[in-house]
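This is what each chain is made of:
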Amino acid sequence: MSVVIRNRKARAKSHARTIPERGACHWQVWGRAFILTLLAQPATTFAETSALLPVPSGQPVHLRDVLLDNNPGELWVRFRFIAPKIGSDVGRIGYDVASVDMEHLCQTLAVAYVAQYELEPARVVISLSDRPTEFGRSAPDATQFFEAYRLEQSRCIWEGL
């Protein structure tokens, strides 16, 4: 089984490359983590847990996309995650808990990604969606939470949207 992380262009009026001009190898960033996960997991549960990212709430979170977007007039790096348990209904994970998870994802994943590819974004946007959605398209049935951060000295500083 292969695990695919989709890095692609943001679909907006202008397009941004998903990797720097000098090139980058996503295998170096993610491949090793997935191989270690593969080796640590029993074969029967690998498909269910291989792409899970640890967050403070313990909810299942999967990375869907990393988009580089220059459309706001400056570089924004967008990390789009699937978190199927978020929502406003009873028993779902609400914004108050999910916001802690988003800050954690920014600090643990986005900071390392930006450093690895030597990017200098004006903002990092972390989004959680309860289902896959297409970037830039309306999805009224989907629950989505967004947070924006600026990076200063390898720290995520909440900007709010």
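Heads up: the structure comes first, above all this text.
Quick caveat: nothing in here was measured; it's all calculated off a predicted structure.

Q: Give me the lowdown on the pattern of salt bridges, citing residues and values where you can.
A: Applying the stated criterion to the full structure yields eight salt bridges. Between Arg 78 and Asp 69 there is a salt bridge; the shortest N-O distance is 3.0 Å. On the basis of relative accessible area, Asp 69 is assigned to the buried category, the value being 2%. Close ionic contact of Arg 137 with Glu 134 constitutes a salt bridge, the shortest N to O distance being 3.6 Å. Residue class for Arg 137 comes out exposed when judged on its relative accessible area of 58%.

Q: Lay out the pairing of strand S6 (residues 155-158) in plain terms, naming residues and giving numbers.
A: Bridging between strand S5 (residues 144-152) and S6 involves four bridges; their strand directions are antiparallel. Bridge pairing links Glu 152 to Arg 155 in S6. In this structure, the hairpin formed by S5 and S6 is closed by a connection of two residues, where Gln 153 is found at a positive phi of approximately 50°.

Q: Give a description of the environment of Ser 127 that names residues and reports values.
A: On the accessibility criterion, Ser 127 (8% relative accessible area) is buried. On a C-alpha basis, the gap between Ser 127 and Gln 144 in space is 6.9 Å, while along the polypeptide they are 17 residues apart. Discounting chain neighbours no more than four positions away, the residues touching Ser 127 are Phe 79, Arg 80, Phe 81, Phe 145 and Phe 146.

Q: Give me the nonpolar core: which residues, what numbers.
A: Phe 79, Phe 81, Leu 105, Leu 119, Ile 126 and Leu 128 are the most contacted members of the largest nonpolar core, which has 30 residues in total. Every element with two or more residues in this core is listed here: strand S2 (62-69), strand S3 (76-82), helix H3 (95-116), strand S4 (123-129) and S5. For Phe 79, the contacting residues outside a window of four places in its chain are Leu 63, Asp 65, Val 66, Leu 109, Ala 110, Tyr 113, Val 124, Val 125, Ile 126 and Ser 127.

Q: Before we move on, could you go through the pairing of S2 and cite the residues and values that matter?
A: Where burial is concerned, most of S2 is hidden: seven out of the eight residues are buried. Both S2 and S3 contribute to a ladder of seven bridges, which runs antiparallel. Looking across to S3, one finds that Val 66 is bridged to Phe 79. Turn length for the S2-S3 hairpin, with the two strands adjacent in sequence and antiparallel, is six residues, and the turn residue Gly 73 shows positive phi of about 95°.

Q: Can you explain H3? Please cite residues and give values.
A: For H3, with 22 residues, the first-to-last C-alpha span of 29 Å sits near the 32 Å given by 1.5 Å per residue. Along H3, the residues classified as buried are Ala 98, Ser 99, Asp 101, Met 102, Leu 105, Cys 106, Leu 109, Ala 110, Val 111, Tyr 113 and Val 114. Once H3 finishes, Glu 118 follows within two positions and takes phi at roughly 50°, a positive value.

Q: So what's going on with the environment of Asp 101? Which residues, and what values?
A: When you line up the elements, Asp 101 lands in helix H3. For the pair Asp 101 and Gln 59, spaced 42 residues apart in sequence, the C-alpha separation works out to 8.9 Å. Filtering out sequence-adjacent residues up to four positions away, Asp 101 remains in contact with Val 55, Pro 56, Ser 57 and Gln 59. A distance of 2.5 Å separates polar atoms of two side chains, one belonging to Asp 101 and the other to Ser 57.

Q: Account for the side chain of Asp 130, naming residues and giving values.
A: Considering the arrangement of structural elements, one finds Asp 130 in the loop between S4 and S5. One polar contact links Asp 130 to Arg 131, side chain to side chain, over a distance of 3.1 Å. Discounting chain neighbours no more than four positions away, the residues touching Asp 130 are Ile 82, Ala 83, Pro 84, Ile 86, Arg 92, Asp 141, Ala 142 and Thr 143.

Q: Explain the packing of aromatic side chains to me, using residue names and the numbers behind them.
A: Applying the stated criterion across every chain, the model contains three aromatic pairs. The interplanar angle of 80° and the centroid separation of 5.6 Å between the aromatic rings of Tyr 95 and Phe 145 together place this pair among those described as edge-to-face. Here Phe 145 lies in strand S5 and Tyr 95 lies in helix H3, a separation of 50 residues in the sequence. Relative accessible area serves as the criterion here: at 13%, Phe 145 is assigned to the buried category. Among the aromatic residues, ring-to-ring pairing joins Phe 79, Tyr 113 and Tyr 117 into one connected group.

Thresholds applied
Residues numbered from 1 in each chain as written. Predicted model: local features only at pLDDT ≥ 70, side-chain atom pairs only at ≥ 80, totals over all residues. Heavy atoms only, no water. Salt bridge = Lys/Arg side-chain N within 4 Å of Asp/Glu carboxyl O. Buried < 20%, exposed > 50% of the residue type's maximum accessible area, 1.4 Å probe, protein only. Pairing = 2+ DSSP bridges. Helix = DSSP H or I, 4+ residues; strand = E, 2+ residues; numbered from the N terminus. Contact = heavy atoms within 4.5 Å. Core = buried A, V, L, I, M, F, W, Y, C linked by side-chain atoms within 4.5 Å. Expected span 1.5 Å × (residues − 1). Polar contact = N/O pair within 3.5 Å; in protein donor to acceptor, adjacent residues only side chain to side chain. Phe/Tyr/Trp six-rings, centres within 6.5 Å; stacked < 30°, edge-to-face > 60°.

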